[in-house]
Amino acid sequence: MINLLWFSHLVATSEVLAMGVKSGVDLGVLRSSLLASPAASHFLEHDALCVLADGDYDESFAIALACKDLGLAVDVGRDVGMPVELSALVEQVYRRARATFGDLAGEMSPMRLYETLAGRDFRLPSPAVAFGGDLT
């Protein structure tokens, strides 16, 4: 259940970031606005930074394992008679990322799919660049 919710959060966040930047909203402004709103989350504030700051899609947890976990979660939902439409959609996005980037791609790879759809990488400027110089 933990992984299901985390992966769902990743897909939803990626979609919001893609729509925002594709609409012309600055990624830093969008992220700051989300963090200052009821939509703020630990995922957006901390977990997504590996992609947003460094382009690291976290290969320490392979997407093949994420797909396995999502498949098990969807199976549990069906076994107990719970409609799991959203979970099944998240699983589809992860399977598409796995097909695109390979079994060993990182668990954050669905963000790469949304970067492609947005036509740009989701990267925040480094603090030195953002403030126009060296911070030391």
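Right, let's walk through the structure included here. (Residues numbered from 1 in each chain as written. Predicted model: local features only at pLDDT ≥ 70, side-chain atom pairs only at ≥ 80, totals over all residues. Heavy atoms only, no water.)

### What to know about the side chain of Ser41
Argument step 1. By the secondary structure assignment, Ser41 is in the loop between α2 (27–35) and α3 (42–47).
Argument step 2. Within polar-contact distance, the side chain of Ser41 engages the backbone nitrogen of Leu44 at 3.0 Å.
Argument step 3. Once residues within four sequence positions are removed from consideration, Ser41 is found in contact with His9 and Leu35. (Helix = DSSP H or I, 4+ residues; strand = E, 2+ residues; numbered from the N terminus. Polar contact = N/O pair within 3.5 Å; in protein donor to acceptor, adjacent residues only side chain to side chain. Contact = heavy atoms within 4.5 Å.)

### Here we look at the pattern of salt bridges
Where charged atoms of side chains with opposite charge meet at close range, the side chains can pair.
Argument step 1. In total, this model carries four salt bridges according to the counting rule given.
Argument step 2. The salt bridge partner of Arg95 is Glu91, with a shortest N-O separation of 2.9 Å. Of this pair, Arg95 and Glu91 both sit in helix α6 (residues 85–101), four residues apart, which is roughly one turn of the helix.
Argument step 3. Across the pair Glu115 and Arg123 runs a salt bridge, and its minimum N-O distance is 2.7 Å. (Salt bridge = Lys/Arg side-chain N within 4 Å of Asp/Glu carboxyl O.)

### Quick look at the packing of aromatic side chains
Argument step 1. Counting across every chain of the model gives four aromatic pairs.
Argument step 2. Aromatic side chains Phe7 and Phe61 sit 6.4 Å apart centroid to centroid with 35 degrees between the ring planes, which places their arrangement in the tilted category. Taken together, the residues Phe7 in helix α1 (residues 2–22) and Phe61 in the loop between α4 (49–54) and α5 (63–79) connect sequence positions 54 residues apart.
Argument step 3. With centroids separated by 4.8 Å and ring planes inclined at 50 degrees, the aromatic side chains of Phe7 and Tyr94 adopt a geometry described as tilted. (Phe/Tyr/Trp six-rings, centres within 6.5 Å; stacked < 30°, edge-to-face > 60°.)

### Description of the packing of α1 against α6
Argument step 1. Contact pair α1 / α6: the axes reach a minimum separation of 10 Å and the direction vectors enclose 70 degrees. In terms of axis orientation, α1 runs roughly perpendicular to α6. Crossing hand, α1 versus α6: left-handed. Where α1 approaches α6, its residues Leu4, Trp6, Phe7, Ser8, Leu10 and Val11 are matched on the opposing element by Ser87, Val90, Val93 and Tyr94.
Argument step 2. For the contact of α1 with α6, the residue count by class is eight nonpolar, two polar and no charged. (Axes fitted to C-alpha atoms, helices over the stretch in contact; angles between N-to-C directions. Parallel < 35°, antiparallel > 145°, perpendicular 65-115°, else oblique. Left-handed = near helix turned anticlockwise from the far one by under 90°. Nonpolar A, V, L, I, M, F, W, Y, C, P; charged D, E, K, R; others polar.)

### Comments concerning a nonpolar patch on the surface
Argument step 1. Taken together, Met1, Val76, Val80 and Met82 make up a surface patch of nonpolar side chains, about 440 Å² in accessible area.
Argument step 2. Note that Val76 resides in helix α5. (Patch = residues over 30% accessible without salt bridge, like charges linked within 9 Å, V, L, I, M, F, W, Y side chains within 5 Å. Areas by Shrake-Rupley, 256 points an atom, 1.4 Å probe, with all protein chains shown as cover.)

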